[in-house]
Amino acid sequence: MRKKAVAVAPLEMDTVRLVRPSLPPLSEFQSLIKGIWDNRFLTNSGPLHARLEAALSRYLGAPHVSLVSNATLGAIAAMRVLGQVRPSANPHASEVITTPFSFVATSNAIRMAGFEPVFADIDPQSLNLCPEAVERAITPATRAIMAVHAFGVPCDVDALGAIARKYGLPLIYDAAHGFGVRHRGQALATFGDFSVLSFHATKVFNTFEGGAVICPNAASKAAIDKFCNHGIEDAEEIAFAGFNGKLSELHAAAGLAQLPYVDEDIAARGIVARRYADAFAGIAGIRCILSEGVDRHNHYAFPVLVEEGYGLDAAALADAMAEAGIITRRYFHPLISDMSVYRNVPSSDPAGLPVARQVSERVLCLPLYPDLPVEEQERVIDV
Ligand SMILES: *Cc1c(COP(=O)(O)O)cnc(C)c1O
C-alpha cells in the first residue's frame, strides 16, 4: 500500500505540499465579481471573457486565442475541427501519434475525439516525443500528431514541425504545462497548428478550472468557438454537433485577477528551482530535468530522475519523503500505455517504449510553488 501512503499523506501542519495554487489579492477578484452582479452576464462570451481573451492574446503574442472550460475539452475540440481546418487525404485516418509519458488526459482526449492513440517513445533528455520515433510510427492511418511539452520543457519543435509538414499532418501540442515558457523568441504556446493550455488550479496560471486553444488563424478560432458552443451557427442553424466547452465569467474574472501576478510567480518558482538544482548538483544518481536553451522556463515542476547510483529507487525515495512529511509525486508513473484502458493498444507493447518505461520508473516530482518557504525546502533537500 506504499502508493496510497504517498498519494494521501494528510495535510498536517508540518507537511510540505507538492503544489499550492496561486491566488490574486481577494479584493481584486471581488471588484471583478461586482461587475458580474451589476451586468448579469454569467457566461456565453461575456465582457470578462472578451477581456481575458484579449489580455492573453497580448501576453502570449497570439492573435487567435479561444478560451475553453478546460484543456481536455480544448484538445477534443481541436481534434474534432481538424476536418474543417486541415482536411486529411485519407477519410478513414483514425490514429493520432502521441507520448505515453503524460497525464492521462492527453490520450483520453484523443479517444474522446474519436481517434486512437499510437504511442511513440520519448527522448531521454527532454522527456518529450522523440521525432524519429514519431516518423517511424506514421502510416496511411495517421490523422495527426499530438505532442506534449512535459513539465514545460519544449519538444523538439523544429523536428516535429518538419515531420508534420513532410507528411501533411496537423501538429497539436498539449501545452498544459507550458504557460509562460518562451522559446525561440515566442511563447511556447504559439507553436504547432493548435496548442492547448490548461488553467487548472495546479498549473502555472490558473482560473480554478479553464484552458485555452491557441489557434493559427481566425477561421480555426471560429471553428473551435462554435464547437464549444454546441455547434451553433446562428439562431436556427446547427451545421455539426458540438459540446459545451465555454468558460464562465466567474472563471474569466479569476484569470484577469491572476494574470498580472504570473510573471512574479514564475520568477519565484525559478528561485526555488535554482536552490534545488544547486543542492542536488553533487549528488550521484539524482538527475534534474532542467530546461536548457529556452528564453524563459516557467518552472512548472521540479522533476528528478532517480538513477542507479543513488542507492534508493524512485518509489523508495518517495516513501522516505512521505515519512518525513514531504509530499512528492511519481509523475508520470505509470505510463499511459500501461493503464488498463490503453494497455491493449498495439503500440503499448513495452518493447517499443524503452526510454519512456525507464524514465517513468525513475521520475519523481518534488514540491514546488512560488511561495514555498526556504525552511520547508531545506527539509526536502535534507531528505
Ligand atoms: C492538467 C493536464 C491536462 C488537462 O488539463 P485540464 O485543464 O485539467 O483538462 C492535460 N494534459 C496535461 C499534460 C496536463 O498536465
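Residues numbered from 1 in each chain as written. Predicted model: local features only at pLDDT ≥ 70, side-chain atom pairs only at ≥ 80, totals over all residues. Heavy atoms only, no water.

1. Focus: the sheet that holds strand S9 (residues 211-214)
Thinking step 1. Taken together, 7 strands build an open sheet; the order of strands is S1-S9-S8-S5-S4-S2-S3 and the sheet is mixed. Where the open sheet ends on each side, the last strands, each with one partner, are strand S1 (65-68) and strand S3 (116-119). This sheet shows a mean twist of 25° between the axes of neighbouring strands, independent of strand direction.
Thinking step 2. As paired elements, strand S2 (residues 95-98) and strand S4 (residues 142-148) share 4 bridges and run parallel to each other. Each bridged residue has a counterpart across the sheet, and for Thr98 the counterpart in S4 is Met146.
Thinking step 3. Strands in contact with helix H9 (residues 218-227) are S1, strand S8 (194-198) and S9; relative to S1, the strand with the most contacts, it is inclined by about 15°. (Pairing = 2+ DSSP bridges. Helix = DSSP H or I, 4+ residues; strand = E, 2+ residues; numbered from the N terminus. Axes fitted to C-alpha atoms, helices over the stretch in contact; angles between N-to-C directions. Contact = heavy atoms within 4.5 Å.)

2. Considerations on the environment of Arg269
Thinking step 1. Following the sequence through the fold, Arg269 ends up in helix H11 (residues 262-280).
Thinking step 2. Distance in space between the C-alpha atoms of Arg269 and Val380 is 15 Å, their sequence separation being 111 residues.
Thinking step 3. Residues contacting Arg269, with those up to four places away along its chain left out, are Lys203, Val204, Asn298, His299, Tyr300, Leu368, Tyr369 and Pro370.

3. Concerning the sheet that holds strand S11 (residues 302-306)
Thinking step 1. Pairing is antiparallel across the open sheet formed by 3 strands, whose spatial order is S10-S11-S12. Each having just a single partner strand, strand S10 (286-288) and strand S12 (363-366) make up the two edges of the open sheet. Neighbour-to-neighbour, the strand axes of this sheet turn through a mean angle of 35°, independent of strand direction.
Thinking step 2. Across 4 bridges, S11 lies against S12 in antiparallel orientation. The residue of S12 that forms the bridge with Leu305 is Val363.
Thinking step 3. In this fold helix H13 (residues 354-362) packs onto S11 and S12, with an angle of close to 45° to the strand it touches most, S12.

4. Notes on the packing of helix H2 (residues 26-39) against helix H10 (residues 249-258)
Thinking step 1. Interaxial distance between H2 and H10 falls to 9 Å at its minimum, and their mutual angle equals 145°. When the axes of H2 and H10 are compared, the crossing they make is right-handed. Where H2 abuts H10, its residues Glu28, Phe29, Leu32, Ile33 and Ile36 lie against Glu249, Leu250, Ala253, Ala254, Leu256 and Ala257.
Thinking step 2. The residue inventory of the contact of H2 with H10, partitioned by class, reads 9 nonpolar, no polar and 2 charged. (Left-handed = near helix turned anticlockwise from the far one by under 90°. Nonpolar A, V, L, I, M, F, W, Y, C, P; charged D, E, K, R; others polar.)

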